[in-house]
Every structure is written in structure tokens, then in C-alpha cells.
Amino acid sequence: MGKILDRLKDQKVLVSDGAWGTFLHQKGLSADECPESWNLTRAEDVYQIALSYVEAGADIILTNSFGGSPSKLEPYGLKEQTYAINKAAGEISRKAAGQDGLVLGSVGPTGKMLFMGEVTEEELLKGFGEQCRGLADGGVDGILIETMSDMEESVLAIRAARANTTLDVLCTYTFEKTQSGEYRTLMGTSVPDAVSSAMTAGADVIGANCGNGTAGMIDIVRVIREMDGSVPVLVQANAGLPVYEYGKTVFPEGPEEMASQVQGLVEAGANIVGGCCGTTPEHIRLMARLAKS
Ligand SMILES: [Zn+2]
């Protein structure tokens with residue numbers, strides 16, 4: 001049992017962090033720049049983002065490594081730096097969290113489709129393995145495989161994390177509500193199928209992120225809890241469903257509105273709650289205050 005599972009024995013609800021991407025852009029990251037390259041070139045800026053969530057009261061912060069797989073780094077000419085970039089990501093968040101805070105190494109999808117033959121299983125295993133080793137050596141407490149929709153890819157990422165580290169492995173999927181009212185990933189997988197694939201592959205914590213506001217996440221947590229009463233569940237919801245205003249994506253839920261739904265999320269069975277797109281340290285501050293009361 002790693003540090004994340006261990007902490008969940010003492011604390012019923014842990015609060016994780018919110019969005020990072022918007023911050024990087026505010027600090028000057030351009031649209032054609034690799035966000036993860038900043039771990040090497042703009043470490044102080046990345047550190048300030050991590051610190052803002054620690055100061056907001058998050059028990060867990062993530063790392064700036066969502067696109068840190070070799071497949072994602074390759075178009076920027078950074079594939080050879082995979083290990084270094086991920087190790088730096090771990091070190092930056094560890095420094096912000098201190099020794100008592102928890103850090104999850106973020107691993108996102110590669111964007112390469114296995115079923116289209118764009119990548120092989122071996123390449124994915126090797127690439128995720130290298131990313132996970134970098135994160136582990138950078139000092140993270142767990143590996144969070146997130147925003148997944150392809151089952152095969154998520155299973156390979158979980159296996160790579162297991163094979164290359166001794167850390168807790170967490171996996172979250174992005175579900176969309178279908179016309180029939182069910183939730184499925186972009187690739188068409190239902191919540192129960194995704195959860196059982198992840199658990200069979202060896203995930204210690206499962207859940208959902210992105211794609212939904214908190215209300216949708218409550219429905220998803222209920223489905224997970226119907227299947228399994230004990231597996232820890234992590235939810236990082238968007239700040240509501242995005243709307244397009246004047247050519248811009250806007251996330252409608254402010255901190256109060258989002259925090260007011262945290263209790264429902266916890267009652268449904270979530271153990272770790274945080275935010276995804278559109279959430280800020282202020283969202284996390286209110287969520288942390290409620291979770292502690
Ligand atoms: Zn998101």
C-alpha cells in the first residue's frame with residue numbers, strides 16, 4: 001500500500017487540485033509551445049502554479065506532465081527528454097507540496113490510436129514506463145492516469161505504472177452523457193466496463209475527470225458504487241459544462257456553486273475530490289474548507 005491509500009485510511013475525503021493549463025497560458029505559454037517543456041525552462045512558473053493549490057488547501061497536487069509521454073513530446077522534438085521532463089515535473093510539485101503533502105504524477109492519453117495502428121502496444125508500454133519512472137524518481141506518491149477514453153491504452157498505462165514503480169496507481173476516465181442518459185467514454189465504453197477494466201489491470205483508485213460538471217459526476221460515482229462498495233473513487237469535475245460565448249469557451253460554475261455540490265459527491269461515495277477544466281485555486285479553497293468541516 002502506497003502513501004495515497006494509506007492517507008485515505010485516516011482521512012475520509014481528500015481534496016486534490018484544479019486546472020493548470022489556463023495558468024500556464026496566463027504566464028505566457030503560447031499555443032504552439034509544449035506545456036511540459038516548462039518543467040525544464042520555466043520551473044519557477046510551474047512551481048508557483050503548484051504552490052497556489054497547496055496554499056488553497058489541497059491535500060493532493062498533480063504534476064505538469066499530462067502530455068509527458070514520448071508520443072506527445074515527439075512533435076516538439078522533446079521525445080529524448082521524456083525522463084528528464086517528467087522527473088522535473090515530480091520534483092517541482094514535491095517541492096511545492098513539502099514532505100507531508102501528496103503528489104500525483106499526471107499521465108494523459110498519447111493521442112495515438114492503437115486500433116488505427118498508429119502505435120503498438122509495446123511502444124505504449126515502453127513510453128508510459130519511461131514517463132512513470134521519471135515521475136517516480138522526481139518524488140511523486142502515486143501515478144494518476146487521467147482523461148482516458150480508450151480502454152486498451154488505459155490498461156497499458158496502468159500496467160506500465162505497475163511494472164515501473166511501486167507507487168499507488170489511480171485511473172480516471174472521461175465520460176459523456178449519451179442520448180439515452182447513460183455515461184460512456186468517447187470510444188463508447190460504459191462506466192462499469194471502464195471500472196472493471198481498470199481494476200483488473202491493477203488500478204488502486206478509479207474515477208472520472210473532465211467532460212462533466214459536478215452533477216454529472218454524482219451520477220457516475222453512484223454507478224461505480226453500485227458495482228464496488230470499497231474501491232477509492234477520485235473525481236475531478238470541470239467547472240460545469242462548457243458554453244461558448246463570443247468565440248471563447250467559458251466554464252459556468254463559480255467556486256461557491258461548485259463547492260456547494262461537493263457534499264453530494266461525497267455522499268455518493270467519492271473519496272478524493274478536485275477540479276478539472278475551468279477550476280481555480282478559489283474553487284479548491286472552498287472545496288477544501290467544506291471537506292474539512
Ligand atoms: Zn478537463
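In what follows, the structure referred to is the one given above.
In short, a report on the structure. Per chain, the residues get numbers from 1 upward, laid out in the order the sequence is written. Selection of residues for local features in this predicted model requires a pLDDT of at least 70, selection of side-chain atom pairs for listing and counting requires 80 or more, and totals for whole chains, interfaces and linings are taken over all residues. Processing note: side-chain calculations cover all non-hydrogen atoms of the structure and skip hydrogens and water entirely.

1. With respect to the coordination of the zinc ion
Moving on, step 1. For Na, K and Ca the donor cut-off is 3.2 Å; for every other metal, N, O and S atoms count as donors within 2.8 Å. Water does not enter the count, which can leave sites looking incomplete. At 2.2 to 2.8 Å from the zinc ion lie its protein donor atoms, namely Cys 210 (SG), Asn 238 (OD1), Cys 276 (SG) and Cys 277 (SG).
Moving on, step 2. A four-donor site is called tetrahedral if each angle lies between 85 and 135 degrees; a four-donor site is square planar, and a six-donor site octahedral, when trans pairs exceed 155 degrees and the remaining angles lie between 65 and 115; all other cases are labelled irregular. Around the zinc ion, the four donor atoms sit at angles spanning 90 to 130°, and that spread fits a shape best called tetrahedral.
Moving on, step 3. Motif for the zinc ion, donor spacing along one chain: C-x27-N-x37-C-C. You can see Asn 238 sitting in the loop between strand E9 (233–237) and strand E10 (243–245) and its partner Cys 277 sitting in the loop between strand E12 (272–275) and helix H13 (281–292), a full 39 residues away along the chain.
Moving on, step 4. Partly exposed residues are those whose accessible area sits between 20% and 50% of the maximum for their type, while under 20% is buried and over 50% is exposed, using a 1.4 Å probe and protein chains only. The class for Asn 238 is buried, based on a relative accessible area of 3%. Secondary structure elements are defined from DSSP: runs of H or I of at least 4 residues count as helices, runs of E of at least 2 residues count as strands, and each element is numbered from the N terminus.

2. Focus: a negative patch on the surface
Moving on, step 1. Distance thresholds for patches are 9 Å for like charges and 5 Å for nonpolar side chains (Val, Leu, Ile, Met, Phe, Trp, Tyr), applied to residues having over 30% relative accessible area and no salt bridge. Working definition of accessibility: Shrake-Rupley area with a 1.4 Å probe, residue cover restricted to the visible protein chains. The salt bridge criterion pairs a side-chain nitrogen of Lys or Arg with a carboxyl oxygen of Asp or Glu, the two atoms within 4 Å. Residues scored as charged are limited to Lys and Arg (positive) and Asp and Glu (negative), so that His and the chain ends carry no count. By convention, the charge on Lys lies at NZ, on Arg at CZ, on Asp at CG and on Glu at CD. A contiguous patch of negative charge, built from Glu 121, Glu 122, Glu 123 and Glu 152, is present on the exposed surface.
Moving on, step 2. In terms of residues, the negative patch owes the most to one element, helix H7 (residues 121–137), which gives three residues.
Moving on, step 3. Here Glu 123 is to be found in helix H7.

3. So, the nonpolar core
Moving on, step 1. Residues belong to a common nonpolar core when they are buried Ala, Val, Leu, Ile, Met, Phe, Trp, Tyr or Cys residues joined through side-chain atoms within 4.5 Å. If you look at the biggest cluster of nonpolar residues, it comprises 87 residues, and the most contacted ones within it are Ile 143 and Ile 145.
Moving on, step 2. The residues contacting Ile 145, other than those within four sequence positions of it, are Val 107, Ala 157, Ile 158, Ala 161, Val 169, Leu 170, Cys 171 and Thr 172. The contact definition used throughout considers only heavy atoms, calling two residues in contact when any of these lie within 4.5 Å.

4. Regarding the packing of aromatic side chains
Moving on, step 1. In summary, the pairing rule links any two rings of Phe, Tyr or Trp, Trp by its six-membered ring, whose centres are within 6.5 Å, and it sorts them by plane angle into stacked for under 30 degrees, edge-to-face for over 60 and tilted for everything else. The final tally for this structure, using the stated rule, is two aromatic pairs.
Moving on, step 2. When the centroid spacing of 6.2 Å and the interplanar angle of 45° are considered together, the rings of Tyr 173 and Phe 175 count as tilted. No difference in accessibility class separates Tyr 173 from Phe 175, as the two residues are buried.
Moving on, step 3. Looking at Arg 42, its charged tip hangs above the ring of Trp 38, at a distance of 4.0 Å from the centre. Here, a charge over a ring is recorded when the distance from Lys NZ or Arg CZ to the ring centre is within 6 Å and its angle to the ring normal is within 35 degrees.

5. Section: the packing of helix H4 (residues 43–55) against helix H6 (residues 82–97)
Each pair of packed helices gets described by two things: the angle between the helix axes and the distance between those axes.
Moving on, step 1. All axes here are fitted lines through C-alpha atoms, helices being fitted over the stretch that makes contact, and every angle between N-to-C directions spans 0 to 180 degrees. It is the contact of H4 with H6, at a shortest axis distance of 8 Å, that shows an interaxial angle of 40°. One element, H4, and the other, H6, form an angle in the oblique class. Viewed along their axes, H4 and H6 form a crossing whose handedness is right-handed. Mapping the contact onto sequence places Ala 43, Val 46, Tyr 47, Ala 50, Leu 51 and Val 54 in H4 and Ile 92, Ser 93, Lys 95, Ala 96 and Ala 97 in H6.
Moving on, step 2. The classification used treats Ala, Val, Leu, Ile, Met, Phe, Trp, Tyr, Cys and Pro as nonpolar, Asp, Glu, Lys and Arg as charged, and all other residues, Gly among them, as polar. Partitioning the contact of H4 with H6 into residue classes produces nine nonpolar, one polar and one charged. Here the word oblique covers every angle except those under 35 degrees (roughly parallel), over 145 (roughly antiparallel) and from 65 to 115 (roughly perpendicular). Take the far helix as the reference: if the near one is turned anticlockwise from it by less than a right angle, the crossing is left-handed, and if turned clockwise, right-handed.

6. Concerning the sheet that holds E12
Moving on, step 1. Taken in spatial order, the eight strands make up an open sheet running E1-E12-E9-E8-E5-E4-E3-E2, and their pairing is parallel. Two strands bound the open sheet, and with one partner strand each, they are strand E1 (14–15) and strand E2 (60–62).
Moving on, step 2. At least two bridges found by DSSP between two strands are what make those strands a pair. Note: E2 against strand E3 (residues 102–107), three bridges, orientation parallel. From the neighbouring strand, Ile 60 faces E3, where its bridge partner is Leu 102.

7. A closer look at the environment of Val 221
Moving on, step 1. By the element assignment, Val 221 lies in helix H10 (residues 214–227).
Moving on, step 2. Once residues within four sequence positions are removed from consideration, Val 221 is found in contact with Val 233, Val 235, Leu 265, Ala 268, Gly 269 and Ala 270.

8. Notes on H10
Moving on, step 1. Taking 1.5 Å of rise per residue, the 14 residues of H10 would be expected to cover 20 Å, and the 20 Å separating its terminal C-alpha atoms lies within 8% of that figure.
Moving on, step 2. All of the buried residues in H10 are Thr 214, Gly 216, Met 217, Ile 218, Ile 220, Val 221, Ile 224 and Arg 225. Take the residue count of a helix, subtract one, and multiply by 1.5 Å to get its expected span.

9. Description of the pattern of salt bridges
Moving on, step 1. What the rule picks out here adds up to 10 salt bridges.
Moving on, step 2. Arg 184 is the salt-bridge partner of Glu 182, the closest N and O atoms lying 3.1 Å from each other.
Moving on, step 3. If you follow the salt bridges from partner to partner, you end up with Lys 3, Arg 94 and Asp 141 in one network.

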